[in-house]
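# Observations on the three-dimensional arrangement
The lines below spell out each chain.
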Amino acid sequence: MLESEAGAAFVLAGGTDLLVRMKLGHIEPALLVDIKRIPAMNSITHSARGTRIGAAVSGAELGEHKAVARAWPGVVEATNLIGSDQVQSRCTMVGNLCNASPAADSVPAMIAAGAKAVVVSRTGRRTVPVEKIVTGPGQTSLARGEVIEAIVLPARPARSGDAYLRFIPRTEMDIAVVSAGVSLTLERGRIKTARVVLGAVAPTAVLVPAAARAIIGSKLDEDALHKLAAACSAACKPIDDKRGTIEYRTKVAGVLGKRAAQIAFQRAGGA
Amino acid sequence: MAAVLVSTTINGDAVEFACPPQESLLAVLRDRLGLTGVKEGCGTGDCGACSVTLDGRLVCSCLVLGAEVDGREIATIEGMAENGKLHPLQENFIEHAALQCGICTPGFLMAAKVLLDRNPQPTETEIRYALAGNLCRCTGYDKIVRAVQATATELRQLEKKKSRRKKSKKS
Amino acid sequence: MANDPSYTKQKLKVIGSRVRRPDGVDKVTGRAKYGADHNAPGQLVGLFLRSPHAHARIKKISTARAEKLSGVKAIITSEDLPDLTKGDTAARDILENCMARGRALYDGHAVAAVAAVDEQTARKALKLIKVTYELLPHVTDVDEALKPDAPVIHDYLYTNGVEPRPTKPSNLYNVAEFGHGDVDAGFAQADVVVEKSYKTEQVHQGYIEPHACVGSVNPDGTGELWVTTQGHFTYRSVCANLLGMDIAKLKVTSSEIGGGFGGKTHVWIEPVVLALSRKANRPVKAVMSREEVFRASGPASSTSIDVKIGAKKDGTITAAFAALRYQSGPFPGAIPGMPWAAIGAMTSFACYNLANVKTLGYDVVVNRPKVAAYRAPSAPMIAFAVESTMDMVAKELGIEPLDLRIKNAAREGTRACYGPVYGPIGIGATLQAVKNHPHMRARLKKNQGRGMACGFWFNFGGQTCADLNIATDGSVTLTVGTIDVGGSRASLSLIAAEELGIPYKQVKAHIGDTGSLGHNDTTEGSRGTFSSGMAIVFAARQAIEVLRERAAIMWEIPIEDIIWKDGHAKARGSKYSRLKPLSLADIAAQSPSTGGPIAGHNESVPDNAGVSFASHICDVEVDPETGGTRIIRYTVIQDAGKAIHPTYVEGQMQGGAAQGIGWALNEEYIYGDDGRLQNPGFLDYRIPVCSDLPFIDTQILEIPNPNHPYGVRGVGETSIVPPLAAIGNAISNAVGVRMDHTPMSPPRILKALEQLHAS
């Protein structure tokens, strides 16, 4: 259906972005496909081998899944930061991803977690790392007729933790000015693997390997944190806009990277 | 696009309506069904004045399409008072002066009701975050939070009384 | 004297009790009807086409294609409206703001309007209207607009208030000066002089209900307007004047109003909606979108301010000076002869007893929406500047900021910086209350700081007309022409009950439409409870005269022998001992046979609304790494004169403080270089949400207004004045940076912190 529509065609999951764009007159869809009643897109499956979250699962539903929240607190918290309780009842991770805003809350956390998107079309199914989906503000790598069916999170090794933090001027209802997601695993008290991702500091969320390198092998001491912050700030290519300045975003990216790493470290059982 | 025929339940009553597929639930409720207690403050999900519940979950009706609610259950402010009796939240909003101009009040009441249904003993912080999706420009939220706290206390006492009565009946 | 407004010190029975408002049930059940909740038979939907440009010549508007669209019933451009270019300039400016004539003067300026059978059709029609613009240079910043090379917005605007009259037009349209004494001599005597410049960005009232109305004009020249407004009588006369209608033939009904704060004192879409209805010969309903509210209603001025204060070592202020530059959008201020900077200048040092003071108000036009009143209009910005500077003076002198204020506080007999000599006032009492408040002694943690600041507002009386009617069962109807946004129906009912000596529940207050009362000025200047309250007092006293007359008829005794006490007519003297007192209901029941309905009425212009002062205390916590600021604790202390309904007075104090907090921390209009507003929505125009605020503690002081029978002063506005400076002072005490620009947003605070650490 999506493939054959000649006009502007959109997938409707929670609608919390799509309906706003329709209201403001930015888009006039010729076709809307509501996916909320498709069973495969509507469920969460969680096992020792990994977690699969359907594209139509709302933020609130994800937040209520205790096992997922225990395994991936950062991912769940990030998703639960999208909008108000009203928006949580409707919004989805996949919608957040496909809306392709550089400031999307769930995306840095998903990338840090090594999440993959299950992309389906009439002709088949492929699995793509989340960081390959968004190519720029409002732009994705999805081809016409392709939709994301689910997000898959890998199995969680022991002594792992993740965290997501964003800076907003108010306490709620804002879009992230800067954000940071960190996921890491410990071995004998030291960080063995880590992924550090920043949001709202570039056209897409950015994975910062240098920031991960800064803390791998460490016990997240002052020196490692300092280097992590510096690497985060160095990875920023932000813009000046109504939500923040280049200077501000660059500085605070380091601060949030540091703080998110500390939380993730603690969650992994680090001391 | 042709109009969509929708059968749904609103405040316990079966309702049918037809609307263009791109029309919001908010517009349906207000303009087609006369439920103008549901208010529009922004149309973009930022103010919460249009809050209703959809299958028990709190939503901004401006961010839901009318066409999506077929077979669902909707509750609006018009259904909050039951059997001619105001809900304790409604009573306390009046008593504690939790409203000034009143335009945001229906949305706050819906949000507060969902909160108390799920969490009968919320902390002040929990109340404040649960209501953060509802903007009020008159009150500074002080008396709204107090009205919700007072209602929570009242409802808990009511529950205690009920369970005591049940116990005494059993024994 | 029945109409004597002076303070009577009478013992009060029901006033001061915390009763439930009569419109409460309607408002918690969704039954109350607001601006957008009314529909008229056969109504059309009205929509506006607005300029995307900050300043542009409108070369051509082509509506032909839109007119041909099926379902389009009327299209209006300035061509369809009277040309007032050569007429009354105030009316011209109002109309030109509602519909651009020749030039679009700001992003959002209406250039055409459509009435069609439904919203979809109206939207399609807007897209079919073709406007050819020629872009003109624009200016949106108040300081930029004053530069010699700035684009001059109007070639007909010459600075008023300077001698000799300028020979060239400019964006500076008015200069006003206030003060007394000799400031130069005063500064020469000072041991310490502090000078500082400030900027405050533009903010919006942020009422949750957008502007909405249903207008209907008939071919016979009569019409009706249902509208959310603070002043339906003013809307009536303005609309009738602009459209050439007889004032009395237009009936305006004020709906329940979902917040106004000054923003609904002025017409925006209403005259055009009536014009659309007249052209289509059908009722037309129009509701602004939130984006339109931000772009095209009336926010407050953005400002640029210089303050200079000199003081002796003992803390005595020897001189104070302020220069205020306020922008008012593309048209001069709403009150003729009283533009926005002038109002700000008058309030600047009103809290203090000064021998030498001078203030200058510079009013400026820019390419932004026309400025409207916002709660104590013009006062919060200058208070931010003055009260921040006061803390800096205190620091220089090594005196507690509170003590500096107490030492220099205005008192009875002080000549205010704007001229008059004060009667009994409350500034000293609020400051003493600050000193005694436990908040001042609470412990602070790391990165936390405490600040305080004062605020002043004039308050206003204005033309008022009210009715009090007694039904045959003794229940009482009040009809008033001021609107109710915060429970004034309850307050006015309390006043009627007090005067008549009956229970509150026996009284029901209504807001009358323009057909049911004489003219009432707009509900602004915190005048609702003050002036309608006063009118109700006098109307009740008039009704009591009638009640006594009727009792005299019933008893067949002289009226002189009858007194009114505790809700009863009582015959005076032992010869009447057999006469049992008659209740109001007893007399009302007999009214059909004793002379007909019993009523009281009053029309008046209550002056001397009683100036009001507030002092606020605020604790903040600043995150030094992000510049994020949280309000930890907040206390408002304000003089209410007399709190008729204390809970609702507290509500005004809390609401004002919350708006001031939003102004201080996050709210601002952000314009791009293209002159377009970048954040016309509640997502990026960040008003405080519930989780941003703590409980806001209140303390009501009652220093009676000698010019009101119960001592009432206006209470609605004053508490938006102190928060900006209270928070600025708290931030300074928390992390050592002096903020001179609102909003004190995280990027601004972080930048200031970095500069502090670099130096």
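Predicted model, so just to flag it, every value in this text is computed and none were measured.

Moving on, we get to the overall build of chain A. When you go through chain A residue by residue, the secondary structure sums to ten helices and 13 strands. In terms of C-alpha radius of gyration, chain A reaches 18 Å, essentially the compact-globule figure of 18 Å for 271 residues. Principal-axis analysis of the C-alpha atoms gives chain A an extent of 55 × 45 × 30 Å. Within chain A, the fraction of its 271 residues that count as buried is 54%. Intrachain contacts of chain A at a sequence separation of at least 6 include 56% that bridge at least 24 residues. Roughly 11000 Å² of accessible area belongs to chain A as shown, and the carbon and sulfur atoms make up 54% of that amount. On chain A, the mean spot of the 34 positive side-chain charges and the mean spot of the 23 negative ones are 5 Å from each other.

All names here are of chain C. On the basis of which strands lie adjacent, the open sheet formed by seven strands has the order β3-β5-β1-β12-β9-β10-β11 and mixed pairing. At either end of the open sheet lies a strand with only one pairing partner, and these are β3 (72–76) and β11 (250–254). The sheet shows a mean angle of 20° between the axes of neighbouring strands, direction not considered. The pairing of strand β1 (residues 44–50) with strand β5 (residues 110–116) spans six bridges and is classified as antiparallel. Each residue of the ladder has a partner; that of Leu 49, found in β5, is Ala 112.

Now for the interface of chain B and chain C. Contacts between the two partners involve 46 residues from chain B and, on the opposite side, 52 residues from chain C. Carbon and sulfur atoms supply 57% of the area that chain B and chain C bury against each other, a total of about 4000 Å² over both sides. Three residues stand out in chain B for area buried against chain C, namely Ile 94, Gln 100 and Arg 137 of chain B, and they jointly supply 21% of the buried area on that side. Linking chain B to chain C there are six salt bridges. The partner of Glu 667 of chain C in a salt bridge is Arg 137 of chain B, and the shortest N-O contact between them spans 2.7 Å. For the pair chain B and chain C, the interface holds 25 residue pairs in polar contact (both at pLDDT 80 or more). Elements with a minimum of two residues in the side of chain B that touches chain C: α2 (88–95), α3 (105–118), α4 (124–130) and α5 (142–170) of chain B.

The next thing to look at is the domain arrangement of chain A. Residue and element names in this part refer to chain A. Domains assigned within chain A are domain 1 (38–154) and domain 2 (160–267). Computed over C-alpha atoms, the centres of domain 1 and domain 2 are 20 Å apart. Tallying the contact residues gives 25 residues for domain 1 and 23 residues for domain 2. Buried area between domain 1 and domain 2, summed over both chains or domains, comes out near 1800 Å², and the portion from carbon and sulfur atoms is 59%. The three residues of domain 1 that bury the most area against domain 2 are Pro 102, Pro 108 and Ala 112, which together make up 28% of that side's buried surface. Viewed at the interface, domain 2 and domain 1 are joined by three salt bridges. Among the salt bridges present, the one from Arg 267 reaches Glu 77, with a minimum N-O distance of 2.5 Å. At the junction of domain 1 and domain 2, the tally comes to ten residue pairs in polar contact (both at pLDDT 80 or more).

With that out of the way, let us pick up the environment of Val 735 of chain C. Residue placement: Val 735 of chain C occurs in helix α18 (residues 723–735). In contact with Val 735 of chain C, other than residues within four places in its own chain, are Asn 447, Val 622, Leu 753 and Leu 756 of chain C.

Turning to the confidence of the model for chain C, a few remarks are in order. On average, chain C scores 97 in pLDDT, and the residues at 70 or more come to 100%. For this predicted complex, the interface score ipTM comes out at 0.97, alongside a pTM of 0.97.

The subject of this paragraph is helix α14 (residues 488–500) of chain C. Residue and element names in this part refer to chain C. The end-to-end C-alpha distance of α14 is 18 Å, a good match for the 18 Å that 13 residues give at a rise of 1.5 Å each. For α14, the tally of buried residues reaches 13 of 13 residues, placing the bulk of the element in the interior. Of the residues flanking the end of α14, it is Gly 501, one or two places downstream, whose phi is positive at about 75°.

All names here are of chain A. Between helix α9 (residues 222–235) and helix α10 (residues 246–267), whose axes approach to 7 Å, the crossing angle comes to 135°. Comparing the axis directions of α9 and α10 gives the class oblique. The way α9 lies across α10 gives a crossing that is right-handed. Contacts between α9 and α10 involve Leu 225, Leu 228, Ala 229, Cys 232 and Ser 233 on the former and, on the latter, Thr 250, Lys 251, Ala 253, Gly 254, Gly 257, Lys 258, Ala 261 and Gln 262. For the contact of α9 with α10, the per-class residue count stands at six nonpolar, five polar and two charged.

Phe 93 of chain B together with Val 307, Phe 349, Tyr 418, Tyr 422, Ile 727 and Ile 731 of chain C are the most contacted members of the largest nonpolar core, which has 197 residues in total. Considering each element in turn, this core owes the most residues, twelve residues, to helix α11 (residues 379–397) of chain C. Once you skip the residues sitting within four places of it in the chain, Phe 349 of chain C turns out to touch Val 307, Ile 309, Ala 320, Phe 321, Ala 322, Leu 354, Val 357, Thr 359, Val 386 and Cys 417 of chain C. Grouped together as the second largest cluster of nonpolar side chains are 55 residues, Ile 495, Ile 544, Leu 547 and Tyr 710 of chain C included.

Taken residue by residue, the interface counts 28 residues in chain A and 30 residues in chain B. In this structure, the connection of chain A to chain B is made through five salt bridges. Of the charged contacts, one joins Glu 40 of chain B and Lys 23 of chain A as a salt bridge, the two residues approaching to 2.7 Å between their closest N and O atoms. At the surface where chain A touches chain B, the tally comes to eleven residue pairs in polar contact (both at pLDDT 80 or more). The set of elements that each furnish at least two residues to the side of chain A that touches chain B consists of α1 (18–23), β2 (31–34), α2 (59–64) and α5 (85–88) of chain A. Considering every element that reaches the side of chain A that touches chain B, the biggest residue donor is α1 of chain A, with four residues. Here the residues of the side of chain A that touches chain B are counted per class, giving twelve nonpolar, seven polar and nine charged.

Another point: the packing of aromatic side chains. According to the stated counting rule, one finds 15 aromatic pairs over all chains in the structure shown. Summarising the aromatic geometry, the rings of Phe 108 of chain B and Tyr 141 of chain B are spaced 6.1 Å apart at their centres and angled 50° between planes, so their arrangement reads as tilted. Placement of Phe 108 of chain B in helix α3 and of Tyr 141 of chain B in the loop between α4 and α5 is noted, with a sequence separation of 33 residues between them. The class of Phe 108 of chain B is buried, set by a relative accessible area of 0%. Of the aromatic side chains, those joined through ring pairs into one cluster are Tyr 418, Tyr 422, Phe 456, Trp 457, Phe 458 and Phe 613 of chain C. The ring of Trp 226 of chain C has Lys 33 of chain C sitting right over it, with the charged end atom 5.3 Å from the ring centre. Directly above the aromatic system of Tyr 156 of chain C lies the positively charged group of Arg 92 of chain C, at a separation of 4.4 Å from the ring centroid.

Attention now goes to the pattern of salt bridges. One pass over the full model with this rule turns up 72 salt bridges over all chains. With its nearest N and O atoms 3.2 Å apart, the salt bridge here joins Lys 227 of chain A to Asp 223 of chain A. Separated by four residues within a single helix, Lys 227 of chain A and Asp 223 of chain A lie in helix α9, roughly one turn from each other. Among the residues examined, Lys 227 of chain A registers a relative accessible area of 45% and is labelled partly exposed. For Asp 107 of chain C, the salt bridge identified is with Arg 295 of chain C, shortest N-O distance 2.7 Å. One end of the pair, Asp 107 of chain C, is in the loop between β4 (103–104) and β5; the other, Arg 295 of chain C, is in helix α9 (residues 290–296), and 188 residues separate them in sequence. Exposure class is identical for Asp 107 of chain C and Arg 295 of chain C. Each is buried.

A word on the domain arrangement of chain C. Residues and elements named next belong to chain C. For chain C, the domain assignment lists domain 1 (24–32 + 461–604), domain 2 (35–136 + 210–257 + 264–296) and domain 3 (303–459 + 610–758). Taken over C-alpha atoms, the centre of domain 1 sits 40 Å from the centre of domain 2. Residue-level contacts link 20 residues of domain 1 with 16 residues of domain 2. Across the domain 1 to domain 2 interface the summed buried area is about 1400 Å²; carbon plus sulfur atoms make up 53%. Of all residues in domain 1, Ile 483, Thr 514 and Thr 522 bury the most surface against domain 2, accounting for 41% of the area lost on that side. Summed over the shared surface of domain 1 and domain 2, the result is three salt bridges. With its nearest N and O atoms 2.7 Å apart, the salt bridge here joins Glu 256 to Lys 27. Summed over the shared surface of domain 1 and domain 2, the result is seven residue pairs in polar contact (both at pLDDT 80 or more). Across the side of domain 1 that touches domain 2, the residue classes tally to five nonpolar, nine polar and six charged.

Definitions and limits used
Residues numbered from 1 in each chain as written. Chains lettered and ligands numbered in written order. Predicted model: local features only at pLDDT ≥ 70, side-chain atom pairs only at ≥ 80, totals over all residues. Heavy atoms only, no water. Helix = DSSP H or I, 4+ residues; strand = E, 2+ residues; numbered from the N terminus. Rg over C-alpha atoms; globule rule 2.2 N^0.38 Å. Buried < 20%, exposed > 50% of the residue type's maximum accessible area, 1.4 Å probe, protein only. Contact = heavy atoms within 4.5 Å. Areas by Shrake-Rupley, 256 points an atom, 1.4 Å probe, with all protein chains shown as cover. Lys, Arg positive; Asp, Glu negative; His and termini not counted. Charge placed at Lys NZ, Arg CZ, Asp CG, Glu CD. Pairing = 2+ DSSP bridges. Axes fitted to C-alpha atoms, helices over the stretch in contact; angles between N-to-C directions. Buried area = accessible area lost by both parts, 1.4 Å probe. Salt bridge = Lys/Arg side-chain N within 4 Å of Asp/Glu carboxyl O. Polar contact = N/O pair within 3.5 Å; in protein donor to acceptor, adjacent residues only side chain to side chain. Domains from an automatic or database assignment. pLDDT = per-residue confidence, 0-100. Expected span 1.5 Å × (residues − 1). Parallel < 35°, antiparallel > 145°, perpendicular 65-115°, else oblique. Left-handed = near helix turned anticlockwise from the far one by under 90°. Nonpolar A, V, L, I, M, F, W, Y, C, P; charged D, E, K, R; others polar. Core = buried A, V, L, I, M, F, W, Y, C linked by side-chain atoms within 4.5 Å. Phe/Tyr/Trp six-rings, centres within 6.5 Å; stacked < 30°, edge-to-face > 60°. Lys NZ or Arg CZ within 6 Å of the ring centre and 35° of its normal.

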